[in-house]
Amino acid sequence: NQGTSQGAPTYPTNLPSSGAFIRNTRLSLGANALTVAELGFVLGNEIQPKHSTAAKNGIAQYVITGAKQEMSFRVAVEDAHAASLYIDSVGSNLDLLVELTQGGPGNSFAIAAPVGQITDVKPSTLNGLDYFDVTIDLQRNAVSGVAAVTFGVL
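Residues numbered from 1 in each chain as written. Predicted model: local features only at pLDDT ≥ 70, side-chain atom pairs only at ≥ 80, totals over all residues. Heavy atoms only, no water.

> Would you explain the confidence of the model for the chain in this entry?
Detailed reading of predicted coordinates is not advised where the pLDDT is low. Summary statistics for the chain give a mean pLDDT of 80 and a share of 82% for residues scoring 70 or more. Per-element confidence in the chain ranges from a low mean pLDDT of 81 for strand 8 (residues 150-153) to a high of 91 for strand 7 (residues 129-138). (pLDDT = per-residue confidence, 0-100. Helix = DSSP H or I, 4+ residues; strand = E, 2+ residues; numbered from the N terminus.)

> What should I look at first to understand the nonpolar core in this one?
A general tendency of soluble globular proteins is for nonpolar side chains to be buried together. Formed by 26 residues in total, the largest nonpolar core has its most connected members in Leu29, Phe73, Leu96, Val134 and Ile136. Residue contributions to this core peak at 5 residues, all from strand 6 (residues 109-126). (Core = buried A, V, L, I, M, F, W, Y, C linked by side-chain atoms within 4.5 Å. Buried < 20%, exposed > 50% of the residue type's maximum accessible area, 1.4 Å probe, protein only.)

> Sorry if this is basic, but what is going on with the pattern of salt bridges here?
Oppositely charged side chains are able to pair whenever their charged atoms sit close together. Counted under the stated rule, the structure contains 2 salt bridges. Residue Arg74 is joined to Asp133 by a salt bridge in which the shortest nitrogen-to-oxygen separation is 2.7 Å. One end of the pair, Arg74, is in strand 4 (residues 59-76); the other, Asp133, is in strand 7, and 59 residues separate them in sequence. Across the pair, Asp133 and Arg74 agree in class, each one buried. Here the salt bridges share partners, and the residues they tie into one network are Glu38, Arg74 and Asp133. (Salt bridge = Lys/Arg side-chain N within 4 Å of Asp/Glu carboxyl O.)

Take a look at the structure:
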C-alpha cells in the first residue's frame, strides 16, 4: 500500500565511466550529512588457500575465511568536526548512508549500513585543503534479518 510502483530506470546515453557520481554524492553519518571528495567501497570475501601435500599443486581448495566489507571516504576537516569525526574516533560505531545521484529517479543508488566501525582516520590534503581519510568496517547488525550492507536503486 505504498502507491504506484516506480517506473523502469532510464540511463543517460552519455554516462561517463568515472567521476560523475562523486560530485553529487551525499554521505550521511548518523544525522550529519557530509560532502565527500573521494569514496571507496569494498564488498567481497577474503579467500585463502587450504594447503595439502596430497594435491598436485599443493592446494586442496580455496576457502572463504571472512567477509571484507569496507568503506572509505575523504571528507573536509570542517565537515568531519561538525559530525564529531576526529582522529581519536577509531573504534566508534555509526550508521552510514551513501546516496549516489545521477540523472533522477531510477538512475540513483544508495548504500546503507546500519553498523559501521571506524578503523582508521588520518589527516590528508587535496589541492591545498585539509581533509580526513576515513575507513569504516561495515558489520552485521544485531537485529536478526538485517543485512550488514544494503544496496538500492532510487
